[in-house]
Amino acid sequence: MTKMAASMVEHGEDAFRKLFKFYKRRNPPPDLRDVIDFSKIVKHEKVFPTELNPAAVSDAEARRTGLRPIRDWTAFGLHGYPGFIFISNPFLPGSQQHWVRQCLKTYPQKPNVCNLDIHMAPTETQDIWGRSADALRKTGSRVREPKTLLEKLRWVTLGYHYNWDTKTYSADHYTLFPSDLHSISLHVAAACRFPGFNAEAGILNYYRSDSSLGIHVDESELDHTRPLLSFSFGQSAVFLLGGTQREDPPTAMYMHSGDVMVMSGHSRLLYHAVPRVVPAPKGDPLHPSLEEDGLGPGSDQGLAQDHTQGEATLIQPVSEEDWAVCSRYIETSRVNMTIRQVLGSGQAFPAMDMTDKRIDVGHTDGYHDSQDGENVGLKRRRRSDS
């Protein structure tokens, strides 16, 4: 740890918040030399290789969701963080484009819920992509156009819709979970030795270049024995993983496009945050030739059928027209999907107090943070509890 970063956490008093502010700082910018970069790991005192289960998912099943064979994945653990697994970009060349388009075009569609629903009529948020695409396709314009709805998007919830006010899920606020996202989550969890993972809820966070995610713990799910999965696309970010107390100093690491994190066991309920979005490294996997592996825009080969099994693949070609919008968006932005299993086997939601039966999409900022790294929704909740 650099001398400056180390001085932030010497005394342990809310060490997480101090390091969050250090990495979030704009002027002067922080020293990022101590941020772990799993894509360049040769040897690091905190990092060790993690063995996955290559027999858990067949090569054909992996390819259906755009993943390499599990035996080709590179996975790591961190000393002091049992249950934490970092998988460095397990995606096949060209397949990330499908997931970027899903996050920008498909998943924000109704009946899914997003932050824009709070201040806009349902008819206005019915087609966020359609109302934003033309403006985003325009390149080289010198006139500063107003932000599109897509650029104003901060979060989308899937499956069991998270209530930002009550910090809960409920049986009566549910929409069908996307089948492609369910499949890839099942495969990643199985590779990490969590067979039978049932993706029931998703929170998608959309980061602009100056966005961050406040310090929080994901504890609203009723079953904490199942892992939390995190998928990143677009620009890179600094991710902080702490301990069970705010006094525990966090470890900083990069999340690049295509990286997957799995938080399970002891690490399932640790404090974490994203203080900073940073430019993706040169040669990132979203900008090479998109025709690699027949998975790029305009390609119709290799996508309609997985010929090894004769089954339809879930990864669909991205048209050049759609990718023009997606690529413009991710030039400065990042998308993250966190996938959760809410209920354990045989579990059910507790009976709801009918006096408080309401469906609320929550605060506009959801779990994006204030300047000091506190979770905005969480701070409001705590004040209301006092």
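- Looking up the protein in an unreviewed UniProt entry gives the name Nucleic acid dioxygenase ALKBH1, with the organism given as Oncorhynchus tshawytscha.
- For the record of the protein, the UniProt heading Subunit (unreviewed entry) holds the text "Monomer. Interacts with DNAJB6."
- In UniProt, the protein has this text filed under Subcellular location (unreviewed entry): "Nucleus".

**Here's the deal with the overall build of the protein**
Part 1: In terms of regular secondary structure, the protein is built from nine helices and 13 strands.
Part 2: Within the protein, the fraction of its 386 residues that count as buried is 56%.
Part 3: For the protein, the proportion of contacts with a sequence separation of at least 24, taken over those separated by at least 6, is 78%.
Part 4: Carbon and sulfur atoms make up 50% of the accessible area of the protein, which amounts to about 17,300 Å² in all.

**Considerations on the sheet that holds strand β1 (residues 47-49)**
Part 1: Read across the open sheet, the nine strands follow the order β1-β2-β3-β11-β8-β13-β6-β5-β4; overall the sheet is antiparallel. Looking at strand neighbours, the two that pair on one side only are β1 and β4 (113-114), the edges of this open sheet.
Part 2: In the sheet, strand β8 (residues 228-234) pairs with strand β11 (residues 260-263) via four bridges, with the strands oriented antiparallel. Of the residues in β11, the one forming a bridge with Leu228 is Met263.
Part 3: Lying on the sheet, helix α4 (residues 96-106) is in contact with β6 (201-207), β8 and β13 (334-340); it crosses β13 at an angle near 85 degrees.

**So, the packing of aromatic side chains**
Part 1: Enumeration according to the criterion identifies nine aromatic pairs in this entry.
Part 2: On the basis of an interplanar angle of 75 degrees and a centroid distance of 5.0 Å, the ring pair of Phe22 and Tyr23 is categorised as edge-to-face.
Part 3: A centroid spacing of 4.9 Å and a plane angle of 85 degrees characterise the contact between Tyr162 and Trp164, whose relative ring orientation is edge-to-face. The same class applies to Tyr162 and to Trp164, which are both buried.
Part 4: Following the ring pairs from residue to residue traces out a cluster consisting of Trp155, Tyr162, Trp164 and Tyr169.
Part 5: The cationic tip of Arg246 hangs over the ring face of Tyr271; the distance from NZ or CZ to the ring centre is 5.8 Å.

**Describing the sheet that holds strand β10 (residues 251-255)**
Part 1: Spatially, β7-β12-β9-β10 is the arrangement adopted by the four strands of the open sheet, whose pairing is antiparallel. The sheet is open, and its two borders are formed by β7 (213-216) and β10, each paired with just one other strand. Across the sheet, the mean angle from the axis of one strand to that of its neighbour is 25 degrees, orientation sign disregarded.
Part 2: Helix α2 (residues 15-24) contacts β7, β9 (236-241), β10 and β12 (272-278) of the sheet and is inclined by roughly 10 degrees relative to β12.

**Focus on the UniProt feature "binding site: Fe cation" (unreviewed entry) in the protein**
Part 1: Sequence positions flagged by UniProt for "binding site: Fe cation" (unreviewed entry) are, in local numbering, His216, Asp218 and His272. Spatially, the listed residues are clustered: although they cover 57 residues, their C-alpha atoms lie within 8.9 Å of one another. Checking the annotated residues one by one, the ones that line the largest cavity turn out to be His216, Asp218 and His272.
Part 2: With respect to the element layout, Asp218 can be found in the loop between β7 and β8.
Part 3: For Asp218, a relative accessible area of 5% corresponds to the buried category.

**Re the pairing of strand β2 (residues 75-78)**
Part 1: Along β2, one buried face is formed by Ala75 and Gly77 and the opposite face, lined by Phe76 and Leu78, is buried too.
Part 2: Two elements, β1 and β2, share three bridges in a ladder whose sense is antiparallel. Among the inter-strand pairings, Val47 is bridged to a residue of β2, identified as Leu78.
Part 3: Summarising the sheet, β2 and strand β3 (residues 84-87) pair through two bridges and their orientation is antiparallel. When the sheet's bridge partners are listed, Ala75 is paired in β3 with Ile87.

**Structural notes on the nonpolar core**
Part 1: One finds Val188, Phe231 and Met337 to be the most contacted residues of the largest nonpolar core, which totals 54 residues.
Part 2: Leave out the neighbours within four places in its chain, and Met337 touches Trp99, Cys103, Tyr107, Leu181, Ile203, Leu204, Leu229, Ser230, Phe231 and Phe233.
Part 3: Tyr207, Leu213, Phe239 and Met253 belong to the second-largest nonpolar core, a separate cluster that totals 21 residues.

**Some thoughts on the state of the cysteines**
Part 1: Scanning all chains against the criterion turns up zero disulfides.
Part 2: The closest cysteine sulfur to the non-disulfide-bonded Cys103 is located on Cys326, 9.4 Å from its own sulfur.

**Focus: the side chain of Asp37**
Part 1: Turning to its location among the elements, Asp37 is positioned in the loop between α2 and β1.
Part 2: At 4.1 Å, Lys40 is the nearest oppositely charged side chain to Asp37, a buried residue that forms no salt bridge.
Part 3: Within the local environment of Asp37, its side chain forms a polar contact with the side chain of Ser39, the two groups lying 2.6 Å apart.

**Section: the pattern of salt bridges**
Part 1: The final tally for this structure, using the stated rule, is 10 salt bridges.
Part 2: The shortest N-O distance in the salt bridge between Arg137 and Asp134 comes to 3.0 Å. Of this pair, Arg137 and Asp134 are both found in helix α5 (residues 133-137), three residues apart, which corresponds to roughly one turn of the helix.
Part 3: Take Asp134: its relative accessible area is 53%, and that puts it in the exposed class.
Part 4: Arg340 is paired through a salt bridge with Glu221; the nearest N and O atoms lie 2.9 Å apart. With Arg340 in strand β13 and Glu221 in the loop between β7 and β8, this residue pair connects regions lying 119 residues apart in the sequence.
Part 5: Note on Arg340: relative accessible area 2%, which makes it buried.

Cut-offs and rules
- Within every chain, residues take consecutive numbers counted from 1 along the sequence as written.
- Since the coordinates come from a predicted model, pLDDT governs what is reported: local features require at least 70, and pairs of side-chain atoms require 80 or more to be given and counted, while whole-chain, interface and lining totals use all residues.
- Where side-chain values are given, they derive from all heavy atoms of the structure, hydrogens and water being excluded.
- UniProt positions are given in the numbering used here, feature names are shortened, and annotations may be inferred rather than shown by experiment.
- A run of H or I in DSSP becomes a helix once it reaches four residues, and a run of E becomes a strand once it reaches two; helices and strands are each numbered from the N terminus.
- Each residue's exposure class comes from its accessible area (1.4 Å probe, protein chains only) as a fraction of the maximum for that residue type: buried when under 20%, exposed when over 50%, partly exposed otherwise.
- The contact definition used throughout considers only heavy atoms, calling two residues in contact when any of these lie within 4.5 Å.
- All accessible-area figures derive from a Shrake-Rupley calculation using a 1.4 Å probe, and residue coverage is judged against the displayed protein chains alone.
- DSSP-based pairing: two strands are paired if at least 2 bridges between them are found.
- The axes used here are C-alpha line fits, helices contributing only the stretch in contact, and every angle between their N-to-C directions lies in the interval 0 to 180 degrees.
- In summary, the pairing rule links any two rings of Phe, Tyr or Trp, Trp by its six-membered ring, whose centres are within 6.5 Å, and it sorts them by plane angle into stacked for under 30 degrees, edge-to-face for over 60 and tilted for everything else.
- Two conditions define a charge located above a ring, namely a distance within 6 Å from the ring centre to NZ of Lys or CZ of Arg, and an angle within 35 degrees of the ring normal.
- Here the term cavity refers to a set of points on a 1 Å grid, laid over the protein atoms alone, in which a 1.4 Å probe fits but cannot get out; the term pocket refers to an open set having protein on both sides within 12 Å along at least five of seven lines, with lining residues being those that place an atom within 4 Å of a point.
- Residues belong to one nonpolar core when they are buried, are Ala, Val, Leu, Ile, Met, Phe, Trp, Tyr or Cys, and are joined through side-chain atoms within 4.5 Å.
- Here, a disulfide means two cysteine sulfur atoms that sit within 2.5 Å of each other.
- In summary, the charge assignment counts Lys and Arg as positive and Asp and Glu as negative, without counting His or the chain termini.
- The working definition used for a salt bridge is a side-chain nitrogen of Lys or Arg within 4 Å of a carboxyl oxygen of Asp or Glu.
- In protein, a polar contact requires one atom able to donate a hydrogen and another able to accept it; more generally it is a pair of N or O atoms within 3.5 Å, and residues adjacent in sequence count only if both atoms are side-chain atoms.

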